[in-house]
Amino acid sequence: MIKITERLLTIVLVCLIGYLAFDLVRQTEGETVPVMQETTEPGAQGTMQQITETGTQGTVQEITTLPARYDAREDGRMATVRSQGTLGTCWAITATSAMEAYFLPRERWVFSPDHLSLRNNFSKDQNDGGAYTMAMAYLAAWQGPVLEADDPYGDGYSPEDLAAVKHVQEMQMFKNKDYDAIKRAVYQYGAVQSAIYMDLDNAFSSSVYYNQLVYSYLYDGDETANHDVLIIGWDDDYEASQFNRNTTEKGAFICQNSWGEKFGDGGVFYVSYADRNIGSQAVAYTKIEDTDNYDHIYQTDLCGWVGQLGYGDESCFAANIYAATGKEDLEAVGFYATGQNTEYEICIVEDFEDEASFYKRRSLQKGALSEAGYYTIELEEPVQLQPGQRYAVVL
């Protein structure tokens with residue numbers, strides 16, 4: 001038992017031209033609560049900055065020099081290879097594996113793709129497939145991750161009321177084959193989730209796009225992505241002649257699949273830089289914290305960012321209104337940045353009454369974000385709130 005100051009996380013998921021925002025608040029009166037760290041095997045505690053032995057500390061943008069080849073397997077940062085079986089859960093397995101890679105090699109976690117695929121808010125079953133945006137919404141809402149031991153894969157059942165064992169507070173998104181950004185994220189955070197068009201049905205099938213002798217894959221057709229894989233490295237000098245298709249472009253991403261160890265090289269294969277879909281849409285889980293970072297979450301939309309409307313302007317306003325449930329300190333605000341180089345300003349309306357109250361908004365903090373994604377912005381000066389106080393967070 002330890003004494004902690006209780007903190008409250010409020011997610012404001014207001015969608016206006018693609019922006020979603022949330023607030024985090026801390027109760028000013030402490031409470032004695034038990035705190036327990038669960039791991040699947042003994043390991044040292046630490047953040048990604050502590051365990052990335054080959055990377056530099058900080059965000060993905062801070063890495064300026066990359067090697068021509070990197071393989072997470074060689075640094076002990078590859079998550080356990082899993083098999084999705086006959087279910088359409090590649091997206092969930094890839095997401096949980098990416099989060100596991102974040103902590104390796106010093107902490108080994110095994111998160112539950114079963115819970116992610118069954119306990120999200122998208123009214124899909126495990127045969128319907130999914131997308132990384134579903135995983136992002138589930139994680140931003142603190143619905144997970146939960147431990148595999150508490151919700152084993154493949155039994156079609158997911159227990160109710162399981163609590164997240166980690167809080168994911170930042171997820172960076174990469175589009176348009178931004179290979180440098182993807183490599184930096186792999187190097188810094190262990191893995192990047194991306195999608196390809198997979199012409200194979202399972203680990204034992206064949207395709208003209210897949211070279212079974214060297215485990216290389218290059219799809220050069222017109223189909224869009226249908227399968228998520230985990231990028232765990234790259235090789236800029238991987239020979240073009242290794243691919244079945246006609247290409248002169250060297251280089252490949254080293255990818256972990258979700259078809260068990262009998263596929264490829266123990267579950268790993270090489271996807272050409274020239275592949276039609278690899279890197280077109282990708283996500284990295286870039287800030288994962290212990291669950292005592294904040295103690296509560298308010299939110300208005302459990303499905304996160306699923307689309308946007310635009311008005312031909314690069315600027316927009318978004319806001320959510322809440323009533324404080326106790327004596328709290330608002331400590332952080334979160335939102336989705338839907339494009340690169342997003343500039344933001346966070347404001348507060350401390351006594352909200354009606355629309356006219358927005359004119360009383362007070363600026364709290366400004367900043368800029370290099371990559372699209374979901375971000376938690378800690379406030380330099382927390383805002384004190386009283387029980388029942390109606391307030392608005394404005395982005």
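As the structure is a computational prediction, the values presented were derived from the model and not from experiment.

**Student:** Help me out: how do you make sense of the overall build of the chain in this one?
**Tutor:** From N to C terminus, the chain includes five helices and 19 strands. Residue pairs at least 24 apart in sequence account for 77% of intrachain contacts in the chain once pairs closer than 6 positions are excluded. Accessible surface, the chain: about 17200 Å² in total, of which carbon and sulfur atoms supply 44%.

**Student:** Before we go on, may I ask you to explain the sheet that holds strand β16 (residues 342–349) in this structure?
**Tutor:** Hydrogen bonds along the backbone pair up the strands of a sheet, which may run parallel or antiparallel. On the basis of which strands lie adjacent, the open sheet formed by four strands has the order β14-β19-β16-β17 and antiparallel pairing. Two strands in the sheet have a free side with no partner beyond their single neighbour: β14 (319–323) and β17 (362–369). Neighbour-to-neighbour, the strand axes of this sheet turn through a mean angle of 20 degrees, independent of strand direction. As judged from the five bridges shared by β14 and strand β19 (residues 390–394), these two strands associate in the antiparallel manner. Residue alanine 319 lies in a different strand from β19, and its bridge partner there is valine 394.

**Student:** Sorry, what's going on with the packing of aromatic side chains here?
**Tutor:** Here a ring pair, both rings aromatic, is described through the centre-centre distance and the interplanar angle of the planes. Throughout the structure, instances matching the rule amount to 23 aromatic pairs. By the ring-pair criterion, three or more aromatic residues cluster together here, those being Tyr102, Phe103, Trp109, Phe111 and Tyr189.

**Student:** Help me understand the nonpolar core, please; the structure alone is not making it clear to me.
**Tutor:** Nonpolar side chains in soluble globular proteins tend to be buried together. By size, the foremost hydrophobic cluster in this structure holds 77 residues, and its most contacted members are Met171, Ile182, Tyr217, Phe253, Phe269, Ile278 and Tyr285. If near-sequence neighbours (up to four positions away) are discounted, phenylalanine 253 is found in contact with Tyr179, Ile182, Lys183, Ile231, Gly233, Trp234, Phe269, Tyr270, Val271, Tyr273 and Ile278. Judged by nonpolar contacts, the second largest core, of 20 residues, contains Tyr298, Leu364, Tyr375 and Leu385.

**Student:** Explain the environment of serine 83 here, please?
**Tutor:** Looking at the secondary structure, you find serine 83 in the loop between β5 (69–71) and α2 (90–103). Residues serine 83 and glutamate 261, spaced 178 residues apart in sequence, show a C-alpha to C-alpha distance of 7.9 Å. Those residues in contact with serine 83, other than ones at most four positions away along the chain, are Ile93, Tyr153, Ser258, Trp259 and Gly260. Polar side-chain contacts of serine 83 include one of 3.3 Å to the backbone nitrogen of glycine 85.

**Student:** Explain the pattern of salt bridges here, please?
**Tutor:** Side-chain pairs of opposite charge can arise whenever the charged atoms involved come near each other. Here the structure, examined in full by the defined rule, presents eleven salt bridges. Among the ionic pairs, arginine 69 bridges to aspartate 71, the shortest N-O distance being 3.6 Å. Note on arginine 69: relative accessible area 38%, which makes it partly exposed. Aspartate 71 gets classed as buried once you look at its relative accessible area, which sits at 3%. A salt bridge links aspartate 290 to lysine 166, with the nearest nitrogen and oxygen atoms 2.5 Å apart.

**Student:** Would you mind showing me how to read α2 here?
**Tutor:** An α-helical turn contains 3.6 residues, so a residue and the one three or four places further along point in the same direction. Between its first and last C-alpha, α2 extends 21 Å over 14 residues, near the 20 Å set by a 1.5 Å rise per residue. Summarising burial for α2: 14 of the 14 residues are buried, a large majority.

**Student:** How do you make sense of a negative patch on the surface when you look at a structure like this?
**Tutor:** Negative charge collects at one region of the surface, where Asp351, Glu353, Asp354 and Glu355 lie side by side. Inspection of the secondary structure assignment puts aspartate 354 in the loop between β16 and β17.

**Student:** Got a minute to help me understand unusual backbone geometry in this structure?
**Tutor:** It is generally the case that most residues other than glycine have a negative phi and that most peptide bonds are trans. Cis geometry marks the peptide bond from leucine 104 to proline 105; its omega dihedral reads 10 degrees. Residue placement: proline 105 occurs in the loop between α2 and α3 (113–118). Here the residue pair glycine 144 and proline 145 is connected by a cis peptide bond, since its omega of 10 degrees sits within 30 degrees of zero. Note on placement: proline 145 falls in the loop between α4 (132–140) and β6 (167–175). If you check the backbone angles, aspartate 161 has positive phi at about 65 degrees while not being a glycine. Note that aspartate 161 resides in the loop between α4 and β6. The phi dihedral of lysine 177 is positive, around 55 degrees, even though this residue is not glycine.

**Student:** Is there a simple way to explain the side chain of arginine 77 in this structure?
**Tutor:** Relative to the helices and strands, arginine 77 is located in the loop between β5 and α2. Of the side chains with opposite charge, aspartate 75 comes closest to the buried, unpaired arginine 77, at an N-O distance of 4.9 Å. For arginine 77, the side chain forms a polar contact with the side chain of tyrosine 70, separated by 2.8 Å.

**Student:** Can you walk me through the environment of tyrosine 153 in this structure?
**Tutor:** Residue placement: tyrosine 153 occurs in the loop between α4 and β6. As for tyrosine 153 and serine 117, which are separated by 36 residues in sequence, their C-alpha atoms are 9.9 Å apart. Among all residues touching tyrosine 153, those that are not within four sequence positions of it are Ser83, Gln84, Leu87, Thr89, Ile93, Pro113, Asp114, Gln126 and Glu148. Here the side chain of tyrosine 153 touches threonine 89 through a polar contact of 2.6 Å, side chain to side chain.

**Student:** Explain the environment of asparagine 320 to me, please; I cannot follow it from the model alone.
**Tutor:** Within the element layout of this structure, asparagine 320 appears in strand β14. Taking relative accessible area as the criterion, asparagine 320 reaches 9% and is therefore assigned buried. Side-chain polar atoms of asparagine 320 contact the side chain of threonine 300, separated by 3.0 Å. At 3.1 Å, the side chain of asparagine 320 and the side chain of tyrosine 322 are in polar contact.

What counts, and where the lines are drawn
Residues numbered from 1 in each chain as written. Predicted model: local features only at pLDDT ≥ 70, side-chain atom pairs only at ≥ 80, totals over all residues. Heavy atoms only, no water. Helix = DSSP H or I, 4+ residues; strand = E, 2+ residues; numbered from the N terminus. Contact = heavy atoms within 4.5 Å. Areas by Shrake-Rupley, 256 points an atom, 1.4 Å probe, with all protein chains shown as cover. Pairing = 2+ DSSP bridges. Axes fitted to C-alpha atoms, helices over the stretch in contact; angles between N-to-C directions. Phe/Tyr/Trp six-rings, centres within 6.5 Å; stacked < 30°, edge-to-face > 60°. Core = buried A, V, L, I, M, F, W, Y, C linked by side-chain atoms within 4.5 Å. Buried < 20%, exposed > 50% of the residue type's maximum accessible area, 1.4 Å probe, protein only. Polar contact = N/O pair within 3.5 Å; in protein donor to acceptor, adjacent residues only side chain to side chain. Salt bridge = Lys/Arg side-chain N within 4 Å of Asp/Glu carboxyl O. Expected span 1.5 Å × (residues − 1). Patch = residues over 30% accessible without salt bridge, like charges linked within 9 Å, V, L, I, M, F, W, Y side chains within 5 Å. Lys, Arg positive; Asp, Glu negative; His and termini not counted. Charge placed at Lys NZ, Arg CZ, Asp CG, Glu CD.

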